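Listed here are the chains, written in short residue letters.
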Amino acid sequence: MLKFAMVGLLLATSVVAQQARLRLDVREDSKLGAFLTGADGKTLYIFTRDSLGTSNCYDACAENWPPVLASQLPTLPGGAQGRLTLIERKDKTRQVAYNGQPLYYWKRDRKAGDTLGQALNDVWYVAKVGRTAPTATSVEQSGNPSAASGPTAAQSAVKYPPGDSMWVTNAPKNRAAVLTVKAGSPTINDGFNYNGVTDGEKGFVVPQGWRVVINFRNMGDTFHTAIVVDAPKSGELKDQYPVTAAAFPGAGKRVLVHGQGTGEFDATLDFVANKPGVYLILCGRLNHALNGQYVRLVVDPNASVAEWKSFKN
Ligand SMILES: [Cu+2]
C-alpha cells in the first residue's frame, strides 16, 4: 500500500517537474518598486550574505528561504534588465540567480504581492529589477547567543509556586509580577519569536492593576523591539509599530542585541496593567510581527496571579 503510494508520488513529482517551466515576472510595488516574482507570482528575494554565483543558504536557512530551483534557465520578463543564470547547489540542484545573486522565496509569504521577507535580519531583500543589490548592513554579532526554546528537563522539574514558571515570578503582596521574555532565538522561525513562541500561541495573563516588569533578553544578532499594544480588533497587524504605540506608559522599548545592553537584561518594560483587555507583546520592526513575532498579554480582572499559558485552540 505504502509502496504504491510512493510510486504514485514519484510519478506525480516527475510529471510536475517536466511540466513546470518556471516563469518569472515583475511586480510593481508602490513602496518597494519593481521586483522579480516566481511561481504563483510569489516575491523573490536575494540574500546579502551570498556571494555572486554561490549560495550560502543551506539547511535551516533553505527551509525558511526555499531556493528558486529550475532545470532549465527561465527567461527574464520583457523589459527587465539584467541576466539570469543557473548556479549549482551542493546537492546538485540548480538555483536561478539574477545578476549573479541566487534567488529565494520566503516561507511565510502566502500569495502574490506578499513581501513579508523584505529587510528581515537586514540581509534579505526583494530582488529588485534593474538595480544592484543592497550591501549588507547587518549588525555584527556580539556576545554568545544561545537558543531559548522551551524549558529544559531540569528546569521543568523545578517546583514553582502557583502561577510561577521559568518566565514568571509573582509577588502577590506587592501586586507585582516579573516576566522574562527571550527575543529572537535563532533556531525558531528564523529568529522571529519570543520565548520560542510565534503568532500569539502563548503568552501571559496578569491581574488587572498589578505592576508588570518585563525583562527582555535578545538571543539573536538582529535588533528587535518589544511593545505592548492593543490586540488589533480587525485581526490585521500592521507592518511596523513605533515604541510610542505602547498601550501603557513605559510599555515599549527597543531591545538591543544580546550583550550590548548595560545590565543583566537588554531592555526592561515597567508599567501598571490598569486597563483590562487583550494585548500583544510584539516586535515593531518592519515585518517582524507580520512574520509571527508576538505573544499575548491578557490583563484579567479575575486573575489572582500572573501566568504563562497556551492560547492554542
Ligand atoms: Cu523583531
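Position numbers for residues start from 1 in each chain and track the written sequence from start to end. Confidence filtering applies because this is a predicted model: local features only for residues at pLDDT of at least 70, side-chain atom pairs given and counted only at 80 or more, and all residues used for totals across whole chains, interfaces and linings. Side-chain figures throughout are based on the complete set of non-hydrogen atoms in the structure, without hydrogens or water.

Under an unreviewed UniProt entry, the name given to the protein is Secreted repeat protein with Y-X4-D motif, and the organism recorded is Deinococcus yavapaiensis KR-236.

Enquirer: Help me understand the coordination of the copper ion, please; the structure alone is not making it clear to me.
Expert: Six octahedral donors around a metal ideally make angles of 90 or 180 degrees; four tetrahedral donors ideally make 109.5 degrees. Note that water is not among the atoms considered, so a metal site may appear incomplete; the donors listed are N, O and S atoms within 2.8 Å of the metal, with 3.2 Å applied to Na, K and Ca. On the protein side, the copper ion has His224 (ND1), Cys283 (SG), His288 (ND1) and Gln293 (OE1) as donor atoms, found 2.0 to 2.2 Å from it. The geometry test gives tetrahedral to four donors whose angles all lie between 85 and 135 degrees, gives square planar to four donors and octahedral to six donors whose opposite members are over 155 degrees apart with all other angles between 65 and 115, and gives irregular to the rest. Around the copper ion sit 4 donor atoms, and with donor-metal-donor angles ranging over 96 to 132 degrees the site reads as tetrahedral. Each donor residue of the copper ion belongs to the same chain, and together they define the spacing H-x58-C-x4-H-x4-Q. Here histidine 224 is found in strand E12 (residues 224-230), whereas its partner glutamine 293 is found in the loop between strand E15 (277-282) and strand E16 (294-300), with 69 residues between them in sequence. Segments assigned H or I by DSSP are reported as helices when at least four residues long, segments assigned E as strands when at least two residues long, and all are numbered from the N terminus.

Enquirer: Please explain the pairing of strand E14 (residues 267-272) as it appears in this structure.
Expert: In summary, the side chains of a regular strand alternate between the two faces of the sheet. Of the two faces of E14, only one is covered, namely that formed by Ala267, Leu269 and Phe271; the face formed by Thr268, Asp270 and Val272 stays uncovered. As paired elements, strand E11 (residues 211-218) and E14 share 6 bridges and run antiparallel to each other. Across the sheet, phenylalanine 216 pairs through a bridge with alanine 267, a residue of E14. A 1.4 Å probe rolled over the protein chains alone gives each residue an accessible area, and that area as a share of the maximum for its type sets the label: buried under 20%, exposed over 50%, partly exposed in between. When DSSP locates at least two bridges between a pair of strands, those strands are taken to pair.

Enquirer: Mind showing me how you'd approach unusual backbone geometry here?
Expert: Leave glycine aside and you will find that most residues have negative phi; peptide bonds, for their part, are mostly trans. Its identity is not glycine, yet asparagine 121 carries a phi of approximately 55 degrees, on the positive side. Relative to the assigned elements, asparagine 121 resides in the loop between strand E6 (101-102) and strand E7 (124-126). Judged by its relative accessible area of 15%, asparagine 121 is buried. Positive phi, normally seen in glycine, also occurs at aspartate 190, with a value near 55 degrees. Positionally, aspartate 190 belongs in the loop between strand E9 (176-183) and strand E10 (202-207).

Enquirer: Help me out: how do you make sense of the sheet that holds strand E5 (residues 94-98) in this one?
Expert: Strands in a sheet are paired, the pairing made by backbone hydrogen bonds, and the direction either parallel or antiparallel. Spatial ordering of the open sheet is given by E4-E5-E6, a layout of 3 strands whose pairing is antiparallel. Two strands in the sheet have a free side with no partner beyond their single neighbour: strand E4 (84-88) and E6. Judged from the 5 bridges that link them, E4 and E5 form a sheet pairing that is antiparallel. Note on E5: the bridge partner recorded for threonine 85 is alanine 97.

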